[in-house]
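Topology and contacts: notes
Now for the letters of each chain:
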Amino acid sequence: MERDRDATAAEAKALAHPVRIRILQALRGEAKTNKEIAAELGTTPGATLHHINRLVDQGFIVVQAERTGRRGAREVPYLATGKTATLSFPGTSAESMSVRNAILRSGLDSYAAAPEADRFGEASYTLHLTPDRLEAFRAQLAAVVREFKDDLPGDDSDKYGFFWAGFRHTSG
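These remarks concern the structure in this document. Per chain, residues are indexed from 1 in the order of the written sequence. Totals for whole chains, interfaces and linings use all residues, but because this is a predicted model, local features are given only for residues with pLDDT of at least 70 and pairs of side-chain atoms are given and counted only at 80 or more. Note that the side-chain values use all heavy atoms of the structure and ignore hydrogens as well as water.

Inter-axis angles, ranging from 0 to 180 degrees, are taken between N-to-C directions of lines fitted to C-alpha atoms, where helices are fitted over the stretch in contact. A helix here means a DSSP run of H or I that spans at least four residues, while a strand means a run of E at least two residues long, and both kinds are numbered starting from the N terminus. The N-to-C vectors of helix α2 (residues 18-26) and helix α4 (residues 45-57) enclose an angle of 75 degrees; their axes lie 10 Å apart at closest approach. With respect to α4, the axis of α2 lies roughly perpendicular. Mapping the contact onto sequence places Val19, Arg20, Ile23 and Leu24 in α2 and Thr48, His50, His51, Ile52, Arg54 and Leu55 in α4. Residues belonging to the contact of α2 with α4 are distributed by class as follows: five nonpolar, three polar and two charged. Note that the term roughly parallel is reserved for angles under 35 degrees, roughly antiparallel for angles over 145, roughly perpendicular for angles of 65 to 115, and oblique for everything else. Any two residues whose heavy atoms approach within 4.5 Å are treated as being in contact. Three classes are used, and their members are as follows: Ala, Val, Leu, Ile, Met, Phe, Trp, Tyr, Cys and Pro are nonpolar, Asp, Glu, Lys and Arg are charged, and the others, Gly among them, are polar.

Here it is, written out as structure tokens:
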């Protein structure tokens, strides 16, 4: 997928933890409080707030208007900005490798936590592609993802996770 620019080291470092990737996933299209995020992810509110602050500092999350909770407590909701969609993590720098590993770990953890009935497909393929065909494949995959990724939550929609990893085989 075409990205606007390479991530800075600070941006990559902020994303280099699977919990932070999962927080961003939880906040795409839906504002939630620290407590709501912690409950969803099975983490403590204190640890979650630490990760949220790192993401806020780098512009991946924005603070929404305060609201009053059920028992009159002050609640601060957060919302993902979508900034990750504009960044690339190229090369073999420690930061880029950490982000890619965090994305994979987060995706696998989320998939493993999903009930069997909610999983809708797994596959592993080996494609034989020329450089031109590889570029065409990547462009078509990016177009499909773009078509659906900006759909907002609605009364009749469910939230689905999707992650993929592509690589060149080094053997057979």
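That shown, we press on.
Most of α2 sits inside the fold, with seven of its nine residues counted as buried. Within the sequence span of α2, burial applies to Pro18, Val19, Arg20, Ile21, Ile23, Leu24 and Ala26. Relative accessible area decides the class of each residue, using a 1.4 Å probe on protein chains only: under 20% of the type maximum gives buried, over 50% gives exposed, and in between gives partly exposed.

Here the focus is the packing of aromatic side chains. Ring pairs shown here join Phe, Tyr and Trp side chains whose ring centres sit within 6.5 Å, with only the six-membered ring taken for Trp; geometry is labelled stacked below 30 degrees between planes, edge-to-face above 60, and tilted in between. Taken as a whole, this structure holds one aromatic pair when the rule is applied. When the ring of Phe120 is compared with that of Tyr160, the centres are 5.5 Å apart and the planes differ by 80 degrees; the resulting orientation is edge-to-face. Taken as a pair, Phe120 in the loop between α5 (94-113) and α6 (131-149) and Tyr160 in the segment after α6 lie far apart in primary sequence, 40 residues in all. Here Phe120 matches Tyr160 in class, with each residue exposed. The side chain of Lys83 reaches across the aromatic face of Phe60, ending 4.8 Å from its centre. Placement of a charge over a ring requires the Lys NZ or Arg CZ to be within 6 Å of the ring centre, with the centre-to-atom vector within 35 degrees of the ring normal. Sitting over the face of the ring of Tyr111, Arg119 holds its NZ or CZ atom 4.3 Å from the ring centroid.

Among the surface-exposed residues, Asp118, Asp155, Asp156 and Asp158 lie close enough to one another that they form a single negatively charged patch. Structurally, the position occupied by Asp155 is in the segment after α6. Accessibility expressed as a relative area gives 89% for Asp155, which makes it exposed. Here, patches come from residues exposed beyond 30% relative accessible area and free of salt bridges, joined within 9 Å for like charges and within 5 Å for nonpolar side chains (Val, Leu, Ile, Met, Phe, Trp, Tyr). Here the open area of atoms and residues is found with the Shrake-Rupley method and a 1.4 Å probe, where only the protein chains shown may cover a residue. Salt bridge, as used here: a side-chain nitrogen of Lys or Arg that lies within 4 Å of a carboxyl oxygen of Asp or Glu. Counted as positive: Lys and Arg. Counted as negative: Asp and Glu, with His and the chain ends omitted from the count. Positions of charges follow a simple convention, taking NZ of Lys, CZ of Arg, CG of Asp or CD of Glu.

Turning our eyes to something else, we now look at the pattern of salt bridges. Under the definition given, this model contains eight salt bridges. Glu11 is paired through a salt bridge with Arg5; the nearest N and O atoms lie 2.5 Å apart. Classification of Glu11 by relative accessible area gives buried; the value is 4%. Residues Arg67 and Glu75 are paired through a salt bridge, measuring 3.1 Å at the closest nitrogen-oxygen approach.

Glancing now at the sheet that holds strand β3 (residues 61-63). Any two strands with at least two DSSP-identified bridges between them are counted as paired. Spatial strand order, β2-β6-β3: three strands in an open sheet with antiparallel pairing. Strands with a single pairing partner mark the edges of an open sheet, and in this sheet they are β2 (32-33) and β3. Bridging between β2 and strand β6 (residues 77-80) involves two bridges; their strand directions are antiparallel. Note on β6: the bridge partner recorded for Lys32 is Tyr78.

This next bit is on the nonpolar core. Remark: nonpolar core denotes a set of buried residues (Ala, Val, Leu, Ile, Met, Phe, Trp, Tyr, Cys) joined through side-chain atoms within 4.5 Å. Leu15, Ile23, Leu24, Leu27, Leu55, Phe60 and Ile61 are the most contacted members of the largest nonpolar core, which has 21 residues in total. If one sorts the elements of this core by residue count, α2 sits on top with four residues. Filtering out sequence-adjacent residues up to four positions away, Ile23 remains in contact with Ile37, Leu41, Thr48, His51, Ile52, Leu55 and Ile61.

With that settled, consider the environment of Glu36. For Glu36, the position within the fold is in helix α3 (residues 34-41). Take Glu36: its relative accessible area is 36%, and that puts it in the partly exposed class. Distance from Glu36 to Lys149, taken between C-alpha atoms, is 23 Å for residues 113 residues apart in sequence. Filtering out sequence-adjacent residues up to four positions away, Glu36 remains in contact with Ala31 and Arg67.

So, about α3. If you check which residues of α3 are buried, you get Asn34, Ile37, Ala38 and Leu41. Projected down its long axis, α3 carries its buried residues within an arc of 100 degrees, all on one side. In α3, the exposed positions angled more than 90 degrees off the buried face are occupied by Lys35 and Ala39. Contact partners of the buried residues in α3: α2, β2, α4 and β6. Where α3 ends, the next residue or the one after it, Gly42, has phi of about 70 degrees, a positive value. Think of it as the arc spanned by the lines of direction from the helix axis to the C-beta atoms.

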